[in-house]
Amino acid sequence: MMISSFQTKSILGAAGWHLADSNAPPTPYDHFVRCLGFSLQRRTLIDPPASSVGFDMNAIEAGTEYELRRALYELFLEAFESEVCYAICVNFGEWTFTPKDLKIPSHFEPFPVSVTPYAEYVVFGNSDFSHGVFGNPLNSHLVVFGNLFVERFSRLLLRTHRLVIAQVAARSWNGDQA
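Once a new chain begins, its residue numbering starts again from 1 and follows that chain's sequence as written. Where totals are concerned, whole chains, interfaces and linings use all residues; where local detail is concerned, this predicted model gives features only for residues with pLDDT of at least 70, and gives and counts side-chain atom pairs only at 80 or more. Side-chain descriptors were evaluated using all non-hydrogen atoms of the structure, hydrogens and water having been removed beforehand.

### Side note on the overall build of the chain
Each helix corresponds to a stretch of at least 4 residues labelled H or I by DSSP, and each strand to a stretch of at least 2 residues labelled E; elements are numbered beginning at the N terminus. Each helix and strand counted, the chain has five helices and eight strands in total. When the 178 residues of the chain are sorted by exposure, 48% land in the buried category. What makes two residues a contact is simply this: any of their non-hydrogen atoms within 4.5 Å. Excluding contacts between residues fewer than 6 apart, the proportion of contacts in the chain whose partners are at least 24 apart in sequence is 66%. Approximately 9100 Å² of the chain is accessible, and the part contributed by carbon and sulfur atoms is 55%. Buried means the residue's accessible area, taken with a 1.4 Å probe over protein chains only, is under 20% of the maximum for its type, while exposed means over 50%, and partly exposed covers the values in between. Residue burial considers only the protein chains on display, and all accessible areas are found by Shrake-Rupley using a 1.4 Å probe.

Shown next as structure tokens:
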């Protein structure tokens, strides 16, 4: 059964996500471009902080998406509980959310927007994109950026969710082919 765009917006809205006004700048995408320099025209896709770490999503096992969503939700809740944050996903649009206001409709969907970059770029970040994650579908890598997130992400996955994802070199996760 196919879910319509309207149904998706309704489900996300009920979970505490707010569709961003894509006509009134600055949009979440505008913030993303300004803060991380995202561009498909350059050698590297983004300019994340030096402390960023990339993870290989090609090696994840079935069920890992739930663990990633749960870990991301917990990171945002702990670090930016009352701050307005952003989510950008090609199939689901540009969204804002306040971590403490997110409602988890079931234990299956702690973060109802996909975290893994299967067929689209995805990015989740705080208001200035100093912390968050960026998913690159071209090489199936998830980049975690910002000291706070980098320190906690791997530990949280391993400790709480018993999940290990291989780290990859910065040259490969950011699209540098040289």
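### Quick notes on helix α2 (residues 28-36)
Taken as a whole, α2 has its buried residues at Pro-28, His-31, Phe-32 and Leu-36. Axial view of α2: buried residues confined to an arc of 100°, hence all on one face. Each element contacted by the buried residues of α2 is listed here: β3 (85-89), β4 (93-97), β5 (122-125), β6 (132-136) and β7 (141-145). Following α2 by one or two positions, Gly-37 has its phi on the positive side, about 65°. Each C-beta atom gives one direction from the helix axis, and the arc is the one those directions make.

### Notes on the pattern of salt bridges
The salt bridge criterion pairs a side-chain nitrogen of Lys or Arg with a carboxyl oxygen of Asp or Glu, the two atoms within 4 Å. If you walk through the whole model with that rule in mind, you get three salt bridges. Here Arg-70 makes a salt bridge to Glu-74, at a shortest N to O gap of 3.2 Å. Taken together, the residues Arg-70 and Glu-74, both in helix α3 (residues 64-79) and four residues apart, mark about one turn of the helix. A relative accessible area of 24% means that Arg-70 is categorised as partly exposed. You can call Glu-74 partly exposed: its relative accessible area is 21%. A salt bridge links Asp-101 to Lys-100; the nearest nitrogen and oxygen atoms lie 3.4 Å apart. Residue Asp-101 is classed as partly exposed on the basis of its relative accessible area, which comes to 36%.

### Concerning the environment of Thr-98
The topology assignment puts Thr-98 in the loop between β4 and β5. Taking the C-alpha atoms as reference points, Thr-98 and Phe-80, separated by 18 residues in sequence, lie 7.9 Å from one another. Those residues within four positions of Thr-98 in sequence are excluded, and the remaining contacts are Glu-81, Ser-82, Glu-83 and Val-84.

### A few points about unusual backbone geometry
For Phe-129, which is not glycine, the phi dihedral falls at a positive 55°. Secondary-structure assignment places Phe-129 in the loop between β5 and β6. Its relative accessible area of 2% is what places Phe-129 among the buried residues.

### Quick look at the nonpolar core
Counting 31 residues, the largest nonpolar core has Trp-17, Phe-76, Phe-97, Phe-111, Phe-124 and Phe-153 as its most contacted members. Listed by contribution, the elements that provide at least two residues to this core are β2 (53-56), α3, β3, β4, β5, β7 and α4 (147-161). The dominant element in this core, judged by the number of residues it contributes, is α3, at six residues. Those residues within four positions of Phe-76 in sequence are excluded, and the remaining contacts are Glu-81, Cys-85, Phe-97, Pro-99, Phe-111, Phe-124, Gly-125, Asn-126, Gly-132 and Phe-149. Core analysis: the next-biggest nonpolar cluster, separate from the first, contains 13 residues, Phe-32, Phe-38, Tyr-86 and Phe-129 among them. Joining through side-chain atoms within 4.5 Å is the link that ties buried Ala, Val, Leu, Ile, Met, Phe, Trp, Tyr and Cys residues into a set, and such a set is a nonpolar core.

These figures come from the coordinates and say nothing about function on their own.
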